[in-house]
Amino acid sequence: MSMPQDHVEAAALIARAIAPYGERPGPEGVAALTDDLITCGQKLHDALSGTPSRLRPAGAFEALAEWEYFTAVGPLGSGPHADWNHARGLARIIRQLMRALEHAAEASAS
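What counts, and where the lines are drawn
- Residues numbered from 1 in each chain as written.
- Predicted model: local features only at pLDDT ≥ 70, side-chain atom pairs only at ≥ 80, totals over all residues.
- Heavy atoms only, no water.
- Helix = DSSP H or I, 4+ residues; strand = E, 2+ residues; numbered from the N terminus.
- Buried < 20%, exposed > 50% of the residue type's maximum accessible area, 1.4 Å probe, protein only.
- Lys, Arg positive; Asp, Glu negative; His and termini not counted.
- Salt bridge = Lys/Arg side-chain N within 4 Å of Asp/Glu carboxyl O.
- Polar contact = N/O pair within 3.5 Å; in protein donor to acceptor, adjacent residues only side chain to side chain.
- Contact = heavy atoms within 4.5 Å.
- Phe/Tyr/Trp six-rings, centres within 6.5 Å; stacked < 30°, edge-to-face > 60°.
- Lys NZ or Arg CZ within 6 Å of the ring centre and 35° of its normal.
- Core = buried A, V, L, I, M, F, W, Y, C linked by side-chain atoms within 4.5 Å.

(A) Main features of the side chain of Arg88. Locating Arg88 in the fold gives a position in helix α4 (residues 80-109). For the buried Arg88, no salt bridge exists, and the shortest N-O distance to an oppositely charged side chain is 8.6 Å, to Glu23. Here Ala19 takes part through its backbone oxygen, which lies 2.6 Å from a polar atom of the side chain of Arg88. Setting aside residues up to four positions removed in sequence, Arg88 forms contacts with Ala17, Ile18, Ala19 and Tyr21.

Right, dumping it as structure tokens:
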């Protein structure tokens, strides 16, 4: 079974955001990465929100709630380090959303 294109794109964004601190892009790069993460993550959030609750795995509700919180609040603190940590947090939540969607797809197929 191949990975859906949106998951391939999400995986690439996650890899960029979870890179070691020494590979952190400059402020403009972090801002662009954050924008891309939010766009990608919102699509995954919407897809999971539209999935019947009986197909959602344990932890899906938490991932949805965490996404809403992180996107509403933004970085905690100011400056490049706070922005980078926010992007990394978004990436981790996207990973949870992807796993929940994959589980829901498997549950609906069986």
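(B) Focus on the packing of aromatic side chains. Scanning the entire structure with this criterion turns up two aromatic pairs. Both rings, one in Tyr21 and one in Trp84, keep their centres 6.4 Å apart while their planes meet at 70°; by these two values the pair is edge-to-face. Here Tyr21 is found in the loop between α1 (5-17) and α2 (27-49), whereas its partner Trp84 is found in helix α4, with 63 residues between them in sequence. On the accessibility criterion, Trp84 (0% relative accessible area) is buried. Here Tyr69 and Phe70 contribute two aromatic rings whose centre-to-centre distance is 6.1 Å and whose plane-to-plane angle is 75°, an arrangement assigned as edge-to-face. Since its relative accessible area comes to 22%, Phe70 is described here as partly exposed. Stacked on the ring of Tyr21, the Lys or Arg Arg88 has its end atom at 4.5 Å from the ring centre.

(C) Focus on the nonpolar core. Core analysis: the largest hydrophobic core is formed by 24 residues, its most contacted members being Leu37, Leu44, Leu48, Ile94 and Leu97. At the level of elements, α1, α2, α3 (60-73) and α4 are the ones that each hand at least two residues to this core. When residues of this core are assigned to their parent elements, the largest contribution, 10 residues, is made by α4. The residues contacting Leu44, other than those within four sequence positions of it, are Asp6, His7, Ala10, Ile94, Leu97, Met98 and Leu101.

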